[in-house]
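Chain and residue survey
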Amino acid sequence: MTIRLGDEAPDFTADTTAGTLSFHAWKDGSWAVLFSHPADFTPVCTTELARTASLAAEFERRGVKAIALSVDSLDSHRGWVGDIAAFGGATVEFPIVADPAREIATAYDMIHPGEGETSTVRSVFIVDPANRVRLTLTYPKSVGRNFDELLRVLDALQLTDRAAVSTPADWQPGQRVIVSPALSTVDARARFDEVEEVTSYLRWTPQPSAG
Ligand code: BEZ
């Protein structure tokens, strides 16, 4: 099944390195980053999970829970986490889901023909507090993901959910943002401190403050 933006993230119950959990109950109204990796004890995957472990404080600051998944067994995951921690210097506190029957991988369409029929690809799903899928990404096996980009998207989603703005290409937190096309320039000037009109449809405003 293809998962589209706005779909409800399929719920599942699974064994993980943090115990048996049900995805929606475990999220408990938080944001989540659910990501799959092709196989345990492989080099690119080790760097990715180590990077996730080292970003624990960044995820927590944003109210985001990370959760990894592959079709490997729980014993395999348990054996691998020591290598990840030794490589990255941070303990793996987030759950790694064991999906040997590939039920979750199938529900999330994480197994792609031509990319190894029995393993998950490098999929990412950002899921919001209402369990809606807000971003999907698929990377090839040979290319490790950019976790700074995931944090950037989380920042952008959380900002654009609370203010009538969008973020431009290559936006970084703190930079100017785009006024929603749904707002007239008159209404935008009433709502925001400063509005610079480039064209009728491209209006800049400083990043609205939180709160
Ligand atoms: C890797 O993460 O490096 C990897 C994953 C699957 C197959 C081969 C390599």
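For the structure, see preceding data.
Residues numbered from 1 in each chain as written. Predicted model: local features only at pLDDT ≥ 70, side-chain atom pairs only at ≥ 80, totals over all residues. Heavy atoms only, no water.

Focus: the layout of surface pockets
Test applied: Using a grid of 1 Å spacing that covers the protein atoms alone, one calls a set of points a cavity when a 1.4 Å probe fits there but cannot get out, and a pocket when the set is open and has protein on both sides within 12 Å along at least five of seven lines; lining residues are those with an atom within 4 Å of a point. Grid points are joined across faces, edges and corners, and a volume is the space filled by probe spheres set on the points. Secondary structure counts use DSSP, requiring at least four H or I residues in a row for a helix and at least two E residues in a row for a strand, with both numbered from the N terminus.
Put simply, the largest pocket is a space of about 220 Å³. Along the walls of the largest pocket sit 13 residues, with Ala56, Phe59, Val64, Ala66 and Phe94 positioned nearest its centre. Those elements that provide at least two residues to the lining of the largest pocket are helix H2 (43-54), helix H3 (56-61) and strand S4 (64-70).

A look at the side chain of Thr46
Inclusion rule: Only heavy atoms enter the contact rule, under which two residues are in contact if any of them lie within 4.5 Å.
With respect to the helices, strands and loops of the structure, Thr46 is situated in helix H2. Sequence-distant contacts of Thr46, defined by excluding residues within four places in its chain, comprise Trp80, Ile84 and Phe87.

Structural notes on the packing of H2 against helix H4 (residues 74-88)
In plain terms, the rule: Axes, fitted as lines to C-alpha atoms, cover a helix only where it is in contact. Angles between the N-to-C directions of the axes lie from 0 to 180 degrees. An angle below 35 degrees is treated as roughly parallel, one above 145 as roughly antiparallel, one from 65 to 115 as roughly perpendicular, and anything else as oblique. Here the nonpolar group is Ala, Val, Leu, Ile, Met, Phe, Trp, Tyr, Cys and Pro; Asp, Glu, Lys and Arg are the charged ones; every other residue, Gly included, is treated as polar.
Between H2 and H4, the least distance of the axes is 9 Å, while the angle of their chain directions is 70°. On the basis of their axis angle, the class for H2 and H4 is roughly perpendicular. Residue-level contacts link Cys45, Thr46, Thr47, Leu49 and Ala50 of H2 to Trp80, Ile84, Phe87 and Gly88 of H4. When grouped by side-chain class, the residues that make up the contact of H2 with H4 number 6 nonpolar, 3 polar and no charged.

Brief notes about the nonpolar core
Stated precisely, the cut-off is as follows: To define a nonpolar core, start from buried Ala, Val, Leu, Ile, Met, Phe, Trp, Tyr and Cys residues and group those joined through side-chain atoms within 4.5 Å. For the exposure calls, accessible area comes from a 1.4 Å probe over protein chains only, and a residue counts as buried if that area is under 20% of its type's maximum, exposed if over 50%, partly exposed in between.
Counting residues in hydrophobic clusters, the biggest one holds 27 residues, and the most contacted among them are Val33, Phe35, Leu49, Phe59, Phe94, Ile126 and Leu154. Here the element with the most residues in this core is helix H6 (residues 147-162); it accounts for 6 residues. Setting aside chain neighbours within four positions, we find Phe35 in contact with Leu49, Thr52, Ile67, Ala68, Leu69, Phe94, Ser123, Val124, Arg145 and Phe147. Grouped together as the second largest cluster of nonpolar side chains are 21 residues, Phe23, Ile104, Met110 and Val133 included.

Section: the site of the ligand
Threshold: Being near a molecule or strand, for a residue, comes down to having at least one heavy atom within 4 Å of it. A 3.5 Å cut-off defines polar contacts: any pair of N or O atoms within that distance qualifies, except that in protein one atom must be a possible hydrogen donor and the other a possible acceptor, and neighbouring residues in sequence count only when both atoms are side-chain atoms. Surface exposure here means Shrake-Rupley accessible area, sampled with a 1.4 Å probe, where a residue is shielded only by the protein chains that are shown.
Around the ligand, the neighbouring residues are Pro38, Thr42, Pro43, Val44, Cys45, Arg122 and Lys141. A distance of 2.8 Å is found between an oxygen atom of the ligand and a backbone nitrogen or oxygen belonging to Val44. Backbone polar atom of Cys45 to an oxygen atom of the ligand: 2.9 Å apart, as the coordinates give it. When the free accessible area of the ligand is taken as 260 Å², the share hidden by the protein chains comes to 73%. No other element matches the 3 residues that H2 contributes to the shell around the ligand. For the shell around the ligand, a count of residues per class yields 4 nonpolar, 1 polar and 2 charged.

As for H4
Selection rule: To estimate the expected span of a helix, subtract one from its residue number and multiply by 1.5 Å. Each residue is assigned a bend, namely the angle between axes fitted to the seven residues that terminate at it and the seven residues that start at it.
Relative to the 21 Å expected for 15 residues at 1.5 Å per residue, H4 spans 21 Å between its end C-alpha atoms, a close match to the ideal helical length. Roughly 25° is the biggest bend found in H4, and it falls at Trp80. For H4, the complete set of buried residues consists of Leu74, Ser76, His77, Trp80 and Ile84. Residues of H4 that are buried sit in contact with strand S1 (13-16), H2, S4 and strand S5 (96-98).

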